Every structure is written in C-alpha cells, then in structure tokens.
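Reading the structure
Below are the chains, spelled out letter by letter.
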Amino acid sequence: MPFREINSKMVEATVLPGQKMYSQRGAMLAYRGEVSFTPNIQGGQGGVMSMIGRRVANEATPLMTVEGSGTVMFGHGGHHIQVINLSGDTLYVEADRLLAFDGTLQQGTMFMGSQGGVMGMVRGQVTGQGLFTTTLKGHGAVAVVAHGGVIELPITPGREVHVDPQAYVAHHGDVRNKLSTALGWRDMVGRGSGEAFQLELSGSGAVYVQASEEKL
C-alpha cells in the first residue's frame with residue numbers, strides 16, 4: 001500500500017481488509033474508518049529472531065500492527081518523512097527511523113560488523129548508533145523519519161560515497177559499508193562524532209542522508 005505524502009512531515013496510507021502494515025508506536029496522528037492498532041511482540045514478519053536483534057540493539061520498542069479498512073495519517077515528533085519504494089531489493093535502516101511500512105515486506109536484522117569488520121563495531125561505540133541495522137526486503141513502501149530533510153545519493157561502481165555516520169538514515173542495493181577514520185587514533189580521543197569517522201558505501205544502490213546529525 002503506497003503512502004501519500006500530505007506534506008514533508010505527514011503521510012497517509014490506505015488500509016485494506018486482509019492486509020497488514022506496521023508502524024512505530026505513537027506514529028498514528030489520525031485515521032478514518034474501521035482501523036485497529038495492536039502491539040506486535042513478534043517484531044513484524046522477522047519473527048522472534050528479529051525481535052531478539054532489536055533487543056540486543058536496545059531497539060525493543062514493539063511495532064504496532066495496523067489492520068482494518070480505512071486511511072491512516074502518520075507522523076512523528078515533527079520530523080521530516082521520506083517515502084522509499086522497494087522493488088524486490090533490501091533496505092537497511094536504523095530501527096528508530098522506521099515510521100511505517102507494508103506488512104508484505106520481510107523484516108530482519110543485520111549486524112553492522114558483518115560488513116564493516118572491527119570498524120563496523122566501532123561505529124556503534126563511537127557514534128551511539130546501534131550495531132544492528134533493521135532490514136526490510138521485498139516489494140512495498142517504507143516511510144522513514146529524519147531531521148531537516150533527506151537527500152538520496154546514488155552509489156555506482158567505482159564511485160563510493162562517504163557519509164558522516166550520524167547523518168546516515170538508510171541505504172539499499174548491492175552495497176558494502178566500511179567505517180574509516182579521517183583522523184589518526186590520537187586525534188580522535190575525545191571526539192565522538194563528525195568528521196573523525198566516515199561511513200564509506202560502495203557498490204550499486206543509493207544512500208539516504210539527513211540534513212542534521214541530531215539523534216532521534
């Protein structure tokens with residue numbers, strides 16, 4: 001079910017009988033029709049293992065299952081909303097940035113260190129972001145929240161993109177991530193963010209970057 005962008009901070013989704021969608025708790029602003037909202041302790045279609053990953057990453061806030069027949073308006077904290085449409089590929093996104101998504105999408109978790117090695121683990125320690133990233137795979141729409149607007153940067157072979165880890169929102173495609181240091185280890189003492197670290201993304205796909213480094 002695609003999202004209709006009402007403005008930069010609100011989206012509307014049509015809920016149809018027999019279909020589900022999932023949303024962040026507190027994301028519902030208003031709705032019309034016969035629509036129900038129930039906590040989902042399974043963590044979406046990812047099942048129990050998905051929920052375990054979220055708990056390890058301190059992302060245990062349950063999703064809400066949205067069902068029924070009607071329309072729902074979503075928003076969260078006045079943050080900017082970006083709608084991302086997936087066509088069979090996988091979206092990697094911080095769990096706390098998920099606003100709402102189609103129930104047809106398969107949810108899971110990925111340990112950032114599995115792609116970034118040791119430096120992928122350092123990313124979580126230094127920037128304060130989790131070591132786990134939520135994955136959504138399949139055909140459907142995802143609404144994510146960010147600070148100050150979002151820009152989509154294409155990633156093409158031979159032309160990697162460097163992103164401040166705290167400005168990172170999500171990425172999709174056949175992409176590898178690696179955290180690199182722009183300064184020497186001695187220079188980084190006492191620095192917990194900004195240009196001391198850069199997230200290098202290479203391959204083929206796109207990365208979504210927010211305008212502000214503020215944590216949600």
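Predicted model only: the values in this text are computed from it and were never measured.

1. Describing the overall build of the protein
- Each helix and strand in the protein was counted, giving three helices and 13 strands.
- Looking at the protein residue by residue over its 216 residues, the buried ones come to 52%.
- If you sum the accessible surface of the protein, you get close to 9900 Å²; carbon and sulfur atoms cover 52% of it.

2. Here's the deal with the pattern of salt bridges
- Summed over all chains, the structure comprises two salt bridges.
- Close ionic contact of Arg 4 with Glu 12 constitutes a salt bridge, the shortest N to O distance being 3.1 Å.
- Accessibility expressed as a relative area gives 48% for Arg 4, which makes it partly exposed.
- Take Glu 12: its relative accessible area is 11%, and that puts it in the buried class.

3. Quick notes on the pairing of strand β5 (residues 63-74)
- Of all twelve residues in β5, nine are buried; the element is thus mostly enclosed.
- Pairing analysis gives five bridges linking strand β2 (residues 10-15) to β5, with the strands arranged antiparallel. Counted as the bridge partner of Val 15 is Gly 70 from β5.
- Sheet topology note: the strand β3 (residues 21-23)/β5 ladder contains three bridges and is antiparallel. Bridge pairing links Ser 23 to Met 64 in β5.
- With twelve bridges joining them, strand β4 (residues 28-40) and β5 adopt antiparallel strand pairing. Bridge pairing in β5 places Ser 36 opposite Glu 67.

4. Some points on the packing of aromatic side chains
- Counted according to the given criterion, the structure contains two aromatic pairs.
- Aromatic side chains Tyr 31 and Phe 37 sit 5.3 Å apart centroid to centroid with 55° between the ring planes, which places their arrangement in the tilted category.
- Note on Phe 37: relative accessible area 23%, which makes it partly exposed.

5. What to know about the confidence of the model for the protein
- The pLDDT averaged across the protein works out to 79; a share of 70% of its residues lies at or above 70.
- When pLDDT is averaged over each element of the protein, β2 comes out on top at 96 and helix α1 (residues 47-56) at the bottom at 44.
- Note on residues 44-60: pLDDT is under 50 here. Beyond four places in sequence and across chains, it has 39 contacts.
- pLDDT under 50 marks residues 116-130. Its contacts with residues more than four places away, or in other chains, come to 39 contacts.

6. A closer look at the environment of Phe 37
- Examined against the element boundaries, Phe 37 turns out to sit in strand β4.
- In this structure, the C-alpha to C-alpha distance between Phe 37 and Gly 68, residues 31 residues apart in sequence, is 9.1 Å.
- If sequence neighbours within four positions are ignored, Phe 37 has contacts with Met 28, Tyr 31, Met 64, Thr 65, Val 66 and Val 72.

7. Digging into the nonpolar core
- By size, the foremost hydrophobic cluster in this structure holds 17 residues, and its most contacted members are Phe 3, Val 11, Met 21, Val 66, Phe 74 and Leu 99.
- Listed by contribution, the elements that provide at least two residues to this core are β2, β5, β6 (80-93), β7 (98-102) and β9 (132-146).
- Apart from the residues lying within four places of it in its own chain, the contact partners of Val 11 are Phe 3, Arg 4, Glu 5, Ile 6, Val 72, Met 73, Phe 74, Ile 81, Val 83, Leu 99 and Ala 143.

8. Here's the deal with the side chain of Glu 12
- Structurally, Glu 12 is set in strand β2.
- Within the structure, Glu 12 has its side chain in polar contact with the side chain of Arg 32 (distance 3.0 Å).
- With sequence-adjacent residues up to four places away left out, Glu 12 is seen in contact with Pro 2, Phe 3, Arg 4, Ile 6, Arg 32, Thr 71, Val 72 and Met 73.

9. What to know about the environment of Glu 94
- Among the structural elements, Glu 94 can be located in the loop between β6 and β7.
- Counting along the chain gives 40 residues from Glu 94 to Thr 134, while the straight-line C-alpha distance between them is 5.9 Å.

Cut-offs used in this document
Residues numbered from 1 in each chain as written. Predicted model: local features only at pLDDT ≥ 70, side-chain atom pairs only at ≥ 80, totals over all residues. Heavy atoms only, no water. Helix = DSSP H or I, 4+ residues; strand = E, 2+ residues; numbered from the N terminus. Buried < 20%, exposed > 50% of the residue type's maximum accessible area, 1.4 Å probe, protein only. Areas by Shrake-Rupley, 256 points an atom, 1.4 Å probe, with all protein chains shown as cover. Salt bridge = Lys/Arg side-chain N within 4 Å of Asp/Glu carboxyl O. Pairing = 2+ DSSP bridges. Phe/Tyr/Trp six-rings, centres within 6.5 Å; stacked < 30°, edge-to-face > 60°. pLDDT = per-residue confidence, 0-100. Contact = heavy atoms within 4.5 Å. Core = buried A, V, L, I, M, F, W, Y, C linked by side-chain atoms within 4.5 Å. Polar contact = N/O pair within 3.5 Å; in protein donor to acceptor, adjacent residues only side chain to side chain.

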